[in-house]
Amino acid sequence: AAIPRVQAIMKSGVDFRICTGGMRGRGSYFAHHASYSHRFARVERTAGLSAGQEVRSFFLCRVAVGRADGQGDSSSIRPRDGYHSVEYTTGGSRAVVVYELAQAYPAYYVKYR
């Protein structure tokens, strides 16, 4: 079931419109470092693997950040005038939110253990 979804995202891109929102509003969220994304990575159920050895996966995306604003809240649907994205720090990691579909595309689908 995951393969058709992965193929659809690789073909059509990241679409925030299917989400209800987040800390910085309704957009697509990206971490600067993959280590932050690990906790959100999809865990695949693989028979025979013990805890801690499960296979995880995520999309490594290219994101056109442009001029990043440091402000935004849960009601945001776009950055303030003059900005292209919102950048913030969470849990000691930097993240960015974009509000236009064309600002990000999945470059790679990464699977790891």
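Predicted model, so just to flag it, every value in this text is computed and none were measured. (Residues numbered from 1 in each chain as written. Predicted model: local features only at pLDDT ≥ 70, side-chain atom pairs only at ≥ 80, totals over all residues. Heavy atoms only, no water.)

Participant: Where do I start with the pattern of salt bridges in this structure?
Facilitator: Proximity of charged atoms lets side chains of opposite charge pair with each other. The full count for this structure, using the stated rule, is 6 salt bridges. Where Arg 17 meets Asp 15, a salt bridge forms, and the shortest distance between an N and an O atom there is 2.9 Å. With relative accessibility at 26%, the residue Asp 15 sits in the partly exposed group. Connected via shared salt-bridge partners are Arg 42, Glu 44 and Lys 111. (Salt bridge = Lys/Arg side-chain N within 4 Å of Asp/Glu carboxyl O. Buried < 20%, exposed > 50% of the residue type's maximum accessible area, 1.4 Å probe, protein only.)

Participant: I keep staring at the nonpolar core and nothing clicks. Help me out?
Facilitator: When a protein is soluble and globular, its nonpolar side chains tend to lie buried together. Of all hydrophobic cores here, the largest spans 5 residues; its members are Val 86, Tyr 88, Ala 95, Val 97 and Tyr 99. Every element with two or more residues in this core is listed here: strand 5 (85-90) and strand 6 (93-98). Every residue in contact with Val 97, bar those within four places of it in the chain, is listed here: Arg 24, Gly 27, Ser 28, Tyr 29, Ser 85, Val 86 and Tyr 88. (Core = buried A, V, L, I, M, F, W, Y, C linked by side-chain atoms within 4.5 Å. Helix = DSSP H or I, 4+ residues; strand = E, 2+ residues; numbered from the N terminus. Contact = heavy atoms within 4.5 Å.)

Participant: Whenever I open this one, the sheet that holds strand 4 (residues 68-69) confuses me. Can you help?
Facilitator: Note: strands within a sheet are paired through backbone hydrogen bonds, in either parallel or antiparallel orientation. Reading across from one edge, 1-6-5-4 is the order of the 4 strands in this open sheet, with mixed pairing throughout. What marks the edges here is a single partner per strand, and that holds for strand 1 (28-31) and strand 4. Pairing between strand 4 and strand 5: 2 bridges, direction parallel. What sits directly across from Ala 68, in strand 5, is Ser 85. (Pairing = 2+ DSSP bridges.)

What is shown is where atoms sit, not what they do.
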